Amino acid sequence: MARSQLLSLLASLVLLLGWCPLPAWADFALPPLPYASEALEPVIDATTMSIHHDRHHGAYVANLNAQIAANPGLTELSLEALQGQIADFPVAVRNNGGGHWNHSQFWTVMGPVGQGGKPSTQLLKAINASFGSLESLQTEFNKTAAGHFGSGWAWLIRKPDGTLAITSTANQDNPLMNLEGIERGTPLLGLDVWEHAYYLKYQNRRPDYIAAWWDLVNWNEVNRRFAAV
Ligand code: MN3
């Protein structure tokens, strides 16, 4: 095909797309990464970040939107409210709705090395009350994250009684979900321990990924989540 023909075809496609109404099911949207895909190097490489965000998170959003036709109640809920009512929905909504919420929080609780601030006085007080020290929290979190069998997430949560706790969930479940076997609470910090989150750089060395990841933690966002409870 000649270059001019190709350009003309592309122009027609752009026009055609512009005339089409947006699909009615496009209710959940992939949030952009709050930084460049290379911003978390050297801890997480740019390729992992762009595949993880664009393709993995993108697929959870697309698959969640594909569930709307069969589950019209979905459009009446915010993404966060959906988590608390997830038991009322089929497993495809649980997996993809969880995937969308979990990754949306994951991008925001990370940032470039050295730019994440530190725990606020109030958060540190709660950490000391529940774990003794920040170091003890990290030791317990690392143990839970490294020890979680298979794909899932490790979490720092604030429990309904006000104490903080470390927990983990399988697949794309999270502590907001009203499901049997989940330790419920408000997630303050969640770490993705699926292999897709670290395999290119760390291969099977999940503990190395977890240890390095603390340098990325955006405490300013964790403080904000803690204060908002
Ligand atoms: Mn992931």
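Residues numbered from 1 in each chain as written. Predicted model: local features only at pLDDT ≥ 70, side-chain atom pairs only at ≥ 80, totals over all residues.

**Quick notes on the overall build of the protein chain**
Heads up, the rule is: Comment: elements are numbered from the N terminus, with helices defined as DSSP H or I runs of at least four residues and strands as E runs of at least two.
Check the secondary structure of the protein chain and you find 9 helices and 3 strands. Helices and strands in the protein chain line up, N terminus first, as α-α-α-α-α-α-β-β-β-α-α-α.

**Looking at the environment of Thr167**
This is how the line gets drawn: By definition, residues are in contact whenever their C-beta atoms, placed on the basis of the backbone, come within 7 Å of each other.
Examined against the element boundaries, Thr167 turns out to sit in strand β2 (residues 164–170). Residues Thr167 and Phe141, 26 residues apart in the sequence, show an inter-C-alpha distance of 7.9 Å. The contacts of Thr167, once residues within four sequence positions are left out, are Trp155, Ile157, Pro175 and Glu183.

**Digging into the sheet that holds strand β1 (residues 152–158)**
For the record, the criterion: Note on pairing: DSSP must find at least two bridges between two strands before they are called paired. Axes, fitted as lines to C-alpha atoms, cover a helix only where it is in contact. Angles between the N-to-C directions of the axes lie from 0 to 180 degrees.
Pairing is antiparallel across the open sheet formed by 3 strands, whose spatial order is β2-β1-β3. One side of each edge strand has no neighbouring strand; the edge strands of this open sheet are β2 and β3 (186–192). Mean inter-strand twist for the sheet, computed between neighbouring axes without regard to direction, equals 25°.

**Digging into the packing of helix α2 (residues 46–65) against helix α4 (residues 91–108)**
The following threshold applies: Working rule for angles: under 35 degrees goes down as roughly parallel, over 145 as roughly antiparallel, 65 to 115 as roughly perpendicular, anything else as oblique. Two helices cross in a left-handed way if the nearer one is turned anticlockwise from the farther one by less than a right angle. They cross in a right-handed way if the turn is clockwise. Put simply, Ala, Val, Leu, Ile, Met, Phe, Trp, Tyr, Cys and Pro go in the nonpolar bin, Asp, Glu, Lys and Arg in the charged bin, and everything else, Gly too, in the polar bin.
Closest axis-to-axis distance for the α2/α4 pair is 8 Å, and the angle between their directions is 140°. Our classification of the angle between α2 and α4 gives oblique. Seen along the crossing, α2 lies across α4 with a hand that is left-handed. Residues His53, His57, Tyr60, Val61, Asn63 and Leu64 of α2 pack against Ala92, Val93, Asn96, Gly97, Gly99, His100, His103 and Trp107 of α4. Partitioning the contact of α2 with α4 into residue classes produces 6 nonpolar, 8 polar and no charged.

**Comments concerning the environment of Pro175**
What counts is decided by this rule: A residue is called partly exposed when the number of other C-beta atoms within 10 Å of its own lies between 12 and 20, exposed at 12 or fewer, and buried at 20 or more, with C-beta atoms placed from the backbone.
Along the polypeptide, Pro175 turns up in the loop between β2 and β3. The class of Pro175 is buried, set by 24 C-beta atoms lying within 10 Å. Taking C-alpha positions, Pro175 is 9.5 Å from Leu156, a pair spaced 19 residues apart along the chain. Pro175 has contacts with Trp155, Ile157, Thr167, Thr169, Ile182, Glu183, Arg184, Gly185 and Pro187, leaving out every residue within four places of it along the chain.

**A few points about the nonpolar core**
Operational definition: We define a nonpolar core as a collection of buried residues of the types Ala, Val, Leu, Ile, Met, Phe, Trp, Tyr and Cys that are connected via C-beta atoms lying within 7 Å of each other.
Formed by 31 residues in total, the largest nonpolar core has its most connected members in Ala154, Trp155, Leu156, Leu189, Leu191 and Val222. Sorting the residues of this core by element identifies α5 (121–131), α6 (134–147), β1, β2, β3, α8 (206–213) and α9 (219–228) as the ones contributing at least two each. With 5 residues, the single largest contributor to this core is β1. Not counting the four nearest positions on each side in its chain, Leu191 is found in contact with Ala145, Trp153, Ala154, Ile210 and Trp213. Of all hydrophobic cores here, the second largest spans 10 residues; its members include Phe28, Ile86, Leu176 and Met177.

**Quick notes on the environment of Gln115**
As for its placement among the helices and strands, Gln115 is situated in the loop between α4 and α5. For the pair Gln115 and Asn218, spaced 103 residues apart in the sequence, the C-alpha separation amounts to 7.2 Å.

**As for the pairing of β1**
Counting buried positions along β1 yields 7 of 7 residues, so the element is predominantly enclosed. Side chains Gly152, Ala154, Leu156 and Arg158 of β1 all project onto a buried face; the interleaved residues Trp153, Trp155 and Ile157 project onto the opposite face, where all are buried too. Inspection of the sheet shows β1 paired to β2 by 7 bridges, in the antiparallel sense. Following the sheet pairing, Gly152 is matched in β2 by Ala170. In this structure, the hairpin formed by β1 and β2 is closed by a connection of 5 residues, where Gly162 is found at a positive phi of approximately 95°. Here 6 bridges tie β1 to β3, and the two strands are oriented antiparallel to one another. Counterpart to Ala154 in the pairing with β3 is Leu191.

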